[in-house]
Amino acid sequence: MTTIDRITHPRDTALVRTARDVVLLVARIGLGVIMLAHAKLEYDFGGSLPGVGRMFAESGVPLGTIAGPANVLFEVVGGLAVILGAAVRLVGVLMALNMVGAWIFVHTSGLFAMDHNGPELVIALGLLSLVLAVTGSGRLGLDHLIARRRAATTPQ
């Protein structure tokens, strides 16, 4: 029995299942809000989507003029999707990969560096994204509602 099986095992009490769903909801909202705020911060610094592209290019990000605007758009769409609990497994993997890129190209200082450019935040966000990719949205997300609706309409 894997850890995930134990988390969702049928013998779990209703309280355990509810607590799990609430924790996943809070984690999703937290991650989504951070991603939305980060997208706004990048947009504000760049002044526009092309400006964010120039900023990424000047920072040495490969294909920065494309990667910058794509990153802002992904953080907005992905942040909203995670908050709503839609496509959480896919978005979680993509966010984790985004955070790896942020670590490699932007947050290059050592851990806990005093220059405020260390990778601690992107590592934590990447790990949370992976946790959500593995667990999914929980029962309080759109993914669960869609799966329930499909199961109800699929002939047996």
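The preceding data block contains the structure.
For the structure given in this document, a descriptive report is provided here. (Residues numbered from 1 in each chain as written. Predicted model: local features only at pLDDT ≥ 70, side-chain atom pairs only at ≥ 80, totals over all residues. Heavy atoms only, no water.)

## Focus on the overall build of the chain
Next, step 1: When helices and strands are tallied, the chain shows 7 helices and 0 strands.
Next, step 2: Walking the chain from its N terminus toward its C terminus, one meets helices and strands in the order α-α-α-α-α-α-α.
Next, step 3: Seen through its C-alpha atoms, the chain measures out along the principal axes to roughly 55 × 35 × 20 Å.
Next, step 4: Within the chain, counting contacts between residues at least 6 apart in sequence, those at least 24 apart form 59% of the total.
Next, step 5: Working note: accessible area of the chain is about 9,500 Å², and carbon and sulfur atoms make up 72% of it. (Helix = DSSP H or I, 4+ residues; strand = E, 2+ residues; numbered from the N terminus. Contact = heavy atoms within 4.5 Å. Areas by Shrake-Rupley, 256 points an atom, 1.4 Å probe, with all protein chains shown as cover.)

## Side note on the pattern of salt bridges
Next, step 1: Scanning the entire structure with this criterion turns up 3 salt bridges.
Next, step 2: Note that Arg20 is salt-bridged to Asp21, the shortest N-O span being 3.6 Å.
Next, step 3: We note a salt bridge from Lys40 to Asp44, for which the minimum N-O separation is 2.6 Å. Here the residue Lys40 and the residue Asp44 both occupy positions in helix 2 (residues 14-46), the gap between them amounting to 4 residues, near one helical turn.
Next, step 4: A relative accessible area of 47% means that Asp44 is categorised as partly exposed.
Next, step 5: Shared partners join several salt bridges into a network, and the residues in it are Arg20, Asp21 and Arg139. (Salt bridge = Lys/Arg side-chain N within 4 Å of Asp/Glu carboxyl O. Buried < 20%, exposed > 50% of the residue type's maximum accessible area, 1.4 Å probe, protein only.)

## Notes on the environment of Val131
Next, step 1: Relative to the helices and strands, Val131 resides in helix 6 (residues 120-135).
Next, step 2: A sequence separation of 57 residues divides Val131 from Phe74, and the C-alpha atoms of the two residues are 19 Å apart.

## Concerning the packing of helix 2 against helix 3 (residues 49-58)
Next, step 1: Relative to each other, helix 2 and helix 3 sit at 90°, their axes nearing to 7 Å. Put simply, helix 2 runs roughly perpendicular to helix 3. Only Leu49, Gly51, Val52, Met55 and Phe56 of helix 3 make contact with helix 2, whose side of the interface consists of Glu42, Tyr43, Phe45 and Gly46. (Axes fitted to C-alpha atoms, helices over the stretch in contact; angles between N-to-C directions. Parallel < 35°, antiparallel > 145°, perpendicular 65-115°, else oblique.)

Read these as geometric descriptors, not functional statements.
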